[in-house]
Amino acid sequence: MGLPRFSSPALPDVPTNAEAGIPDLESDTLTGIVAPAGTPKDIIERWHDAIVKMVATPEVRQRLEALGFAPVADTPAQFGARIKAEIAKWGKVVHDANIRAD
């Protein structure tokens, strides 16, 4: 599950990882809205629908982009899969590097 490789509108003069000579490096900030486990599905769907509508408005989209975000309104299942993939990826990095919290 690779991320799209694009430059940030907030940093137009900063090269992408590929342009910097590191084509396999994925770096991204994952930001989203989550709810406690067991939240009823209809509540999640209502929140998702409201967020999709809000992110689609020009005012919100422009504000998020001005703050350096590339707004994406994935489904809850897609976002959950992304979180799981990130945990697995960074968990492996921590394990392989033998990183410990003291």
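Definitions and cut-offs
- Counting restarts for each chain, with residues numbered from 1 along the sequence as it is written.
- Confidence filtering applies because this is a predicted model: local features only for residues at pLDDT of at least 70, side-chain atom pairs given and counted only at 80 or more, and all residues used for totals across whole chains, interfaces and linings.
- Based on all heavy atoms of the structure, the side-chain values leave hydrogens and waters out of the count.
- The numbering of helices and of strands both runs from the N terminus, where a helix is a DSSP run of H or I of at least 4 residues and a strand a run of E of at least 2.
- Residue exposure (1.4 Å probe, protein chains only): buried if accessible area is under 20% of the type maximum, exposed if over 50%, otherwise partly exposed.
- When checking whether two residues touch, look at their non-hydrogen atoms; a contact exists if any pair is within 4.5 Å.
- Accessible areas in this description were obtained via Shrake-Rupley with a 1.4 Å probe; residue shielding takes into account the shown protein chains only.
- Per-residue confidence from the predictor is given as pLDDT, running between 0 and 100.
- Here the axes come from fitting lines to C-alpha atoms, over the contacting stretch only for helices, and the angles between their N-to-C directions go from 0 to 180 degrees.
- Angles below 35 degrees are treated as roughly parallel, those above 145 as roughly antiparallel, those between 65 and 115 as roughly perpendicular, and all remaining angles as oblique.
- Residues were grouped as follows: Ala, Val, Leu, Ile, Met, Phe, Trp, Tyr, Cys and Pro as nonpolar; Asp, Glu, Lys and Arg as charged; and all remaining residues, including Gly, as polar.
- A pair is scored as a salt bridge if a Lys or Arg side-chain nitrogen falls within 4 Å of a carboxyl oxygen belonging to Asp or Glu.

Trainee: I'd like a description of the overall build of the protein, backed by residues and values.
Mentor: Broken down by element type, the protein carries 3 helices and 0 strands. Starting at the N terminus, the α and β elements of the protein follow one another as α-α-α. Summarising its shape, the C-alpha atoms of the protein cover approximately 40 × 35 × 25 Å along the three principal directions. Looking at the protein as a whole, 8% of its 102 residues are labelled buried. Excluding contacts between residues fewer than 6 apart, the proportion of contacts in the protein whose partners are at least 24 apart in sequence is 53%. Total accessible area computed for the protein in this model is approximately 8300 Å², and 61% of it derives from carbon and sulfur atoms.

Trainee: Any chance you could break down the confidence of the model for the protein for me, citing the residues and the numbers?
Mentor: With 91% of its residues at a pLDDT of 70 or more, the protein has an overall mean of 86. Taking the mean pLDDT of every element in the protein, the minimum, 91, falls on helix α2 (residues 58-66) and the maximum, 95, on helix α1 (residues 41-56).

Trainee: An account of the packing of α1 against α2 is needed here, citing residue identities and associated values.
Mentor: Put simply, α1 and α2 touch, their axes get as near as 5 Å, and they point 80° apart. By the angle between their axes, α1 is roughly perpendicular relative to α2. Where α1 approaches α2, its residues Met54, Val55 and Ala56 are matched on the opposing element by Pro58, Val60, Arg61 and Leu64. Residues that form the contact of α1 with α2 fall into these classes: 6 nonpolar, no polar and 1 charged.

Trainee: Break down the pattern of salt bridges for me, with residues and values.
Mentor: In a structure, side chains of opposite charge can pair up when their charged atoms sit close to one another. For the structure on display, the rule yields 5 salt bridges. A salt bridge links glutamate 45 to lysine 41, with the nearest nitrogen and oxygen atoms 3.9 Å apart. Separated by 4 residues within a single helix, glutamate 45 and lysine 41 lie in helix α1, roughly one turn from each other. For lysine 41, a relative accessible area of 62% gives the class exposed. Lysine 92 serves as the salt-bridge partner of aspartate 96, at 2.4 Å between the closest nitrogen and oxygen. Here aspartate 96 pairs with lysine 92, and both are found in helix α3 (residues 76-96), just 4 residues apart, close to one helical turn. Among the charged side chains, a salt-bridge network with shared partners connects Arg82, Glu86 and Lys89.

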